[in-house]
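Single-letter residue listing:
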Amino acid sequence: MNFDDNGAPWLIGAPPDEPAPALARDLEVDIAIIGGGFTGVSTAYHLSRRFPDRGIALIEAKRLANGASGRNGGLMLNGITVKDHDPDLMAREYAMTTAAIDAIEALIHEHGLAVRMRRTGCLHISPTARSAEEAHARVEQLVARGIPLRFVTSSLRGAHGAVLDPNEGMLNGVDLIRAMRPLLVAQGVQIYESTPVVRVREGQTIELATATHTVRARAIVIATSGYTPRLGYFRTGVLPVISHVIATDPVPREVLARVGLDEVAGFFDDLPRLAYCSIDDAGRVIFGGGTTAAYGYRFGNQTTCAPRDDDAATRAMRKTLVSYIPELADTPIRHRWSGPLDLTLVRHCAMGVMGSHRNVYYAVGYSGHGIVLANLAGRVLTDLYAGAHEPWRDCAFYMKRPSGIPPEPMRWLGYHLYTRLTGGSPWKRPG
Ligand SMILES: Cc1cc2nc3c(=O)[nH]c(=O)nc-3n(C[C@H](O)[C@H](O)[C@H](O)COP(=O)(O)OP(=O)(O)OC[C@H]3O[C@@H](n4cnc5c(N)ncnc54)[C@H](O)[C@@H]3O)c2cc1C
């Protein structure tokens, strides 16, 4: 297994963080959580709060927040996918995810955490007249259901309008996870970093093998997002698609104001190679997607990108960024990085419990829409562990088992054929 380093600017200015030592002995616990991103950390937090007497270990291959949670686009979004269109379903999911954003805010306030988070709203851009019309109509349906969206004009070039969601925002995931480390430790969670789990043997007691030791646990939590197929789970359910991201130097506020981005957290569009953009606290413009080259799949579920893909992706993303914001044509790109998305065919996450002993808990498949949901996962999985399934039974992710993605070499061929066939002119962007 190969875990690359996080190169995202979310690390700049983040509080210093002393990593926990690697596992250096065999261990026996009630619950072992694999993965130190939002899913693993929120699950460790809620489980240890609700079950203070249980032995809980959080095992991370590299460092907390090294995965998608520390290297994403930073947009805290409502809904469980950008693909939903049924207004009643959207309204229910909106209520659930807005409450989840409220819960992130409440956690930060309750513990006085130093986390850079702005709940200043996001713009969902319509890049064509037709999508603007549809978005406008949808806003009216959702407003009628009590959701505070607004259809607004946008100064981004080529945008035919945008939906403003005032409840959304921007979150620095490195800050949140680092700030939560002392809370977990205080609640008795044992954290082991630099400890990849290389094999899982299920049973009444589950055995996790690391390179040198064994962890025995009565239950485990799979919190490994895009890395999950390499661990041996959801091989036909989760496709690790590498998403490339770039960031500028801090951009002056007047420039951001000219394009209407000084007071919102960011924007995303609704084209098939979804473009996403957030503005961090220093004014850096963080931009991902927006072009076929910005996404990639590497044979055998690899989660690191090839350097040559990085160059091509950077050039292509910069072009898309400038097509939306021509004012940035001369602004240098200072950072570039990538991270694995855990795509499912239905484009939304799955949370549940499985295994012949019903002791393998999982929350995976966020499909690029996981900042809010992976933080919610801790509450969902803790309820399921407690046997309280009722609150989540109606959710689209409840007990779903993603599947349908063929094995190699069809998986690789399918991805590349699909992107070649669908990457062309019908979805050309403005400019
Ligand atoms: C480039 C990018 C941009 C994104 N932008 C957005 C966005 O703007 N808005 C949004 O809502 N979502 C976004 N997402 C998605 C969101 O970041 C993720 O859905 C979310 O962070 C998933 O959290 P997680 O804890 O499940 O996974 P991760 O944060 O990936 O954590 C999984 C952890 O498991 C560890 N691990 C893996 N295998 C093992 C093993 N065998 N043993 C031990 N540890 C292991 C990894 O090292 C990693 O730290 C983006 C994702 C990416 C990659």
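This one's a predicted model, so the numbers in the text were calculated from it and none came from an experiment.

Asks: Honestly, the overall build of the protein in this entry has me stumped. Any pointers?
Replies: Counting secondary structure elements, the protein contains 9 helices and 20 strands. Taking 22 Å as the expected radius of gyration for a compact globule of 431 residues, we find that the protein reaches 21 Å, a close match to that expectation. For the protein, the spread of C-alpha atoms along the principal axes amounts to about 60 × 45 × 40 Å. Burial statistics for the protein: of 431 residues in total, 60% are counted as buried. Taking as baseline every contact in the protein between residues at least 6 positions apart, the subset at least 24 positions apart corresponds to 76%. Accessible area for the protein stands at about 17700 Å²; split by element, carbon and sulfur atoms hold 52% of it. For the protein, the distance from the average position of its 46 positive side-chain charges to the average position of its 43 negative side-chain charges is 5 Å.

Asks: Which parts of the structure should I look at to understand the nonpolar core?
Replies: Note on soluble globular proteins: their nonpolar side chains tend to be buried together. In terms of nonpolar packing, the biggest core is built from 106 residues, with Leu-176, Leu-261, Phe-267, Met-351 and Phe-397 touching the most fellow members. Looking at which element gives the most residues to this core, the answer is helix H8 (residues 371-385), with 10 residues. With sequence-adjacent residues up to four places away left out, Phe-397 is seen in contact with Ile-80, Met-96, His-348, Cys-349, Ala-350, Met-351, Leu-373, Leu-376, Val-380 and Trp-392. In this structure, Ile-34, Ile-59, Val-238 and Val-364 belong to the second largest nonpolar core, which totals 25 residues.

Asks: How do you make sense of helix H1 (residues 38-50) when you look at a structure like this?
Replies: The first and last C-alpha atoms of H1 sit 18 Å apart over 13 residues, in line with the 18 Å expected at 1.5 Å per residue. With respect to burial, H1 is a largely interior element, 10 of its 13 residues being buried.

Asks: What exactly am I supposed to notice about unusual backbone geometry here?
Replies: Only a minority of non-glycine residues have a phi that is not negative, and only a minority of peptide bonds are not trans. Residue Pro-409 follows Glu-408 across a cis peptide bond; omega there is 5°. You can see Pro-409 is positioned in the loop between H8 and helix H9 (410-422). Unusually for a residue other than glycine, Phe-234 sits at a positive phi of about 50°. With respect to the secondary-structure elements, Phe-234 resides in the loop between helix H5 (228-231) and strand S13 (239-250). Relative accessible area serves as the criterion here: at 10%, Phe-234 is assigned to the buried category. The phi dihedral of Arg-358 falls on the positive side, at around 50°, and the residue is not glycine.

Asks: Got a minute to help me understand empty space enclosed by the protein in this structure?
Replies: To find the voids left in a structure, one rolls a probe of water-molecule size over its atoms. In the structure shown here, the tally under the stated rule is 3 cavities of 30 Å³ or more. If you add up the space inside the largest cavity, you get close to 60 Å³. Lining the largest cavity are Pro-9, Trp-10, Ile-12, Arg-116, Met-170, Asn-172, Asp-280, Asp-281 and Arg-284. Residues that form the lining of the largest cavity fall into these classes: 4 nonpolar, 1 polar and 4 charged.

Asks: Sorry, what's going on with the sheet that holds strand S4 (residues 117-118) here?
Replies: The pairing of strands in a sheet comes from backbone hydrogen bonds and takes either a parallel or an antiparallel form. Judged by pairing direction, the sheet is antiparallel, and its 3 strands sit side by side in the order S3-S8-S4 without closing on themselves. On the outer flanks of this sheet lie strand S3 (75-76) and S4, each paired with one strand and no other. Sheet topology places S4 next to strand S8 (residues 169-171); 2 bridges connect them, and they run antiparallel. Residue pairing across strands places Arg-118 opposite Met-170, the latter belonging to S8.

Asks: I would appreciate a short explanation of the pairing of strand S15 (residues 275-279) in the present structure.
Replies: Strand residues, when the strand is regular, have side chains that alternate between the two faces of the sheet. With 5 of 5 residues buried, S15 is to be regarded as a mostly interior element. Side-chain alternation along S15 places Ala-275, Cys-277 and Ile-279 on one buried face and Tyr-276 and Ser-278 on a second face that is also buried. Of the strand pairs in this sheet, strand S14 (residues 266-269) and S15 are connected by 3 bridges, and their pairing is antiparallel. Considered in S15, the bridge of Phe-267 is made with Cys-277. Between S14 and S15, which follow one another and run antiparallel, lie 5 residues. Pairing between S15 and strand S16 (residues 284-289): 5 bridges, direction antiparallel.

Asks: What exactly am I supposed to notice about the site of the ligand here?
Replies: In the vicinity of the ligand there are 39 residues, among which Thr-39, Glu-60, Ser-69, Leu-75 and Ser-225 approach most closely. For the ligand, an oxygen atom lies 2.7 Å from a polar atom in the side chain of Glu-60. Gly-73 places a polar main-chain atom, nitrogen or oxygen, 2.9 Å from a nitrogen atom of the ligand. Where the shell around the ligand is concerned, the elements lending two or more residues are H1, S13, strand S18 (333-343) and H8.

Asks: How should I be thinking about a nonpolar patch on the surface in this particular structure?
Replies: A contiguous nonpolar surface patch, about 390 Å² in accessible area, is contributed by Phe-299, Met-410, Trp-412 and Leu-413. Mapped onto the elements of the fold, Trp-412 is located in helix H9. Residue Trp-412 is classed as partly exposed on the basis of its relative accessible area, which comes to 32%.

Rules used in this analysis
Residues numbered from 1 in each chain as written. Predicted model: local features only at pLDDT ≥ 70, side-chain atom pairs only at ≥ 80, totals over all residues. Heavy atoms only, no water. Helix = DSSP H or I, 4+ residues; strand = E, 2+ residues; numbered from the N terminus. Rg over C-alpha atoms; globule rule 2.2 N^0.38 Å. Buried < 20%, exposed > 50% of the residue type's maximum accessible area, 1.4 Å probe, protein only. Contact = heavy atoms within 4.5 Å. Areas by Shrake-Rupley, 256 points an atom, 1.4 Å probe, with all protein chains shown as cover. Lys, Arg positive; Asp, Glu negative; His and termini not counted. Charge placed at Lys NZ, Arg CZ, Asp CG, Glu CD. Core = buried A, V, L, I, M, F, W, Y, C linked by side-chain atoms within 4.5 Å. Expected span 1.5 Å × (residues − 1). 1 Å grid on protein atoms, 1.4 Å probe; cavity = no way out; pocket = protein on both sides within 12 Å on 5 of 7 lines; lining within 4 Å. Points joined across faces, edges and corners; volume = space filled by probe spheres on them. Nonpolar A, V, L, I, M, F, W, Y, C, P; charged D, E, K, R; others polar. Pairing = 2+ DSSP bridges. Near = heavy atom within 4 Å. Polar contact = N/O pair within 3.5 Å; in protein donor to acceptor, adjacent residues only side chain to side chain. Patch = residues over 30% accessible without salt bridge, like charges linked within 9 Å, V, L, I, M, F, W, Y side chains within 5 Å. Salt bridge = Lys/Arg side-chain N within 4 Å of Asp/Glu carboxyl O.

Coordinates in, geometry out; function isn't part of it.
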